[in-house]
Amino acid sequence: MSTKELIDAGKTAIGIEFGSTRIKAVMVDDKGNPIAQGGFGWENQYVDGIWTYSLEMIWKGLQEAYADLLADVKKQYDTVIKTTGAIGFSAMMHGYMAFDKEDNLLVPFRTWRNTITEEAAAALTKEFGFNIPQRWSIAHLHQAILNKEEHVKDINFFTTLAGYIHWQLSGEKVLGVGDASGMFPIDSTTRNYNEDYLTKYDKVLADYGFEWNIRGILPKVLVAGENAGVLTAEGAAKLDVSGNLQAGIPMCPPEGDAGTGMVATNSVAVRTGNVSAGTSIFAMVVMEKALSKVHEEIDVVTTPVGDDVAMVHCNNCTSDINAWANIFREYSAAMGIEVDTDKLYTTLFKAALDGAPDCGGLAGFNYFSGEPVTGFDEGRPVFMRKVNADFSFANFMRLHLYSAVSTLKVGLDILLKEEDVKVDKLYGHGGFFKTKEVGQRIMSAATGGPITVMETAGEGGAWGMAVLALYLMNNKVSLSEFLNGTIFAGEEGTTITADADEVAGFDKFMELFNATIPVEKAAVEVL
């Protein structure tokens, strides 16, 4: 069948992901190849001390991204999407969306970026004997309880952004296990919430006299390949304002961006891992066995099928690079030179490879927001240099690429060196790896091992979500078998390993990074 015929026959799948700066929609054919895409750019707002996105912007963004997908389909294939084989939604993980019995949002959406739950996260970590990061949904809920927020007594349901979208379009209060593992700890043997911890938390709640219990307000957990409902007529109208999309389309479990990243890099099997580097950065490794002890720097989440994953998550990655890129853009404009965005970033990234392996005495922090891995509730971007530093353009750019991954290295050293977690392959994806070789080489210097980038890595989480939707239509084998046999068959990717000098240089840079942490603390205090 031609691509147009596949679209008209509904033998495609669609994935839509709400990233931090872009909502992206991808349609794939029956082999997982991207055939059309759309997108919508957006930014979070900082309102009353909370990082959030308004409901109005969420729906506007979804409709605009889907409309852009429609336009691409019309332009390429001169047809209109009326149905598809399956559809799935994913989004930035964690955060907090709480609703009352009338389905009203009780407080503005609190995103993963908020570092306002330190007290709750510490208390729950102690209660469970299991690390609860600040950005997890249960930490946000418990902090609201500790803060005696008025809305808490009225909670009837809470979920993530992906879970909210799925619920509104299907009527089903469900969540993929990977995204659910960022709400409440998962037992990988049952592929469901940890019963012991649920019982412990209900005992904690008993002191407050709420009408609800934790089991009653959490979404139902599903694993990849399970049916998560169908697109309702109301949902179809909300998604496609043109009115062409038909109801009844099967929907796969909604997932988090960590899960879609694992799918997009074929790293759902044991001893595989991936590094996702964009607005935030996180590394994930599918573990053979449990960690020996609790580490506040390491989260334990799951793959989309429920296997345990060690995750090092850092709130900050490319935002500071983007800010400096804009400075160079403005400078070029002042000089009367218009610079193409792709050329600008490629030039900046490639310059970094000419820098000294240790950045020549330059140092800095890319902290736009707090960074719990290094103990920061708030962040301030800082650039500094020694008096005798080699202050060159190449070293300046290398410093900012190092800064983007330096906090991740703090957590990875615990995982790979202290816990001796084994990784056969580590895949990279996200904007940090877009410029050929550069991001891979920098990340390899940080990890001390090879980094592989697949040809499809640039497709990102929305493509990974589309693949999970396609898996709903082809779930007779395991997810790993489906990925290896259908999606990634014959694809090896490109692997780069930093040389010994680069690894040693990064280690030397980290000495300066650790020594200057007090400078970042002072910046938070006085700026």
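That block above? That's the structure.
It should be emphasised that the depicted structure is a prediction, and the values quoted were computed from it without experimental measurement.

### As for the packing of aromatic side chains
Then comes step 1: Scanning the model with the defined rule gives 35 aromatic pairs in all.
Then comes step 2: Ring geometry for Trp-324 against Phe-396: centres 4.9 Å apart, planes inclined by 85 degrees, an arrangement best described as edge-to-face. Taken as a pair, Trp-324 in helix H11 (residues 319-334) and Phe-396 in helix H13 (residues 393-418) lie far apart in primary sequence, 72 residues in all.
Then comes step 3: The class of Phe-396 is buried, set by a relative accessible area of 6%.

### Some thoughts on the nonpolar core
Then comes step 1: Ranked by size, the top nonpolar core spans 130 residues in total, and within it Leu-141, Phe-184, Tyr-201, Ile-214 and Phe-432 carry the most contacts.
Then comes step 2: In terms of residues, this core owes the most to one element, H13, which gives eleven residues.
Then comes step 3: With residues up to four places along the chain from it excluded, the contact list for Phe-432 reads Ala-277, Thr-318, Ile-321, Phe-349, Leu-401, Ala-404, Val-405, Gly-439, Ile-442 and Met-443.
Then comes step 4: Tyr-66, Tyr-77, Leu-231 and Ala-236 belong to the second-largest nonpolar core, a separate cluster that totals 43 residues.

### Things to note about the pairing of strand E2 (residues 22-28)
Then comes step 1: With six of seven residues buried, E2 is to be regarded as a mostly interior element.
Then comes step 2: Here strand E1 (residues 13-18) pairs with E2 via six bridges, running antiparallel. Considered in E2, the bridge of Phe-18 is made with Ile-23.
Then comes step 3: Inspection of the sheet shows E2 paired to strand E3 (residues 34-41) by seven bridges, in the antiparallel sense. By the bridge assignment, Ile-23 is partnered in E3 with Phe-40.
Then comes step 4: Between E2 and E3, which pair antiparallel one after the other, the connecting turn spans five residues, and Gly-32 there sits at a positive phi close to 90 degrees.

Quick notes on the rules
- Residues numbered from 1 in each chain as written.
- Predicted model: local features only at pLDDT ≥ 70, side-chain atom pairs only at ≥ 80, totals over all residues.
- Heavy atoms only, no water.
- Phe/Tyr/Trp six-rings, centres within 6.5 Å; stacked < 30°, edge-to-face > 60°.
- Helix = DSSP H or I, 4+ residues; strand = E, 2+ residues; numbered from the N terminus.
- Buried < 20%, exposed > 50% of the residue type's maximum accessible area, 1.4 Å probe, protein only.
- Core = buried A, V, L, I, M, F, W, Y, C linked by side-chain atoms within 4.5 Å.
- Contact = heavy atoms within 4.5 Å.
- Pairing = 2+ DSSP bridges.

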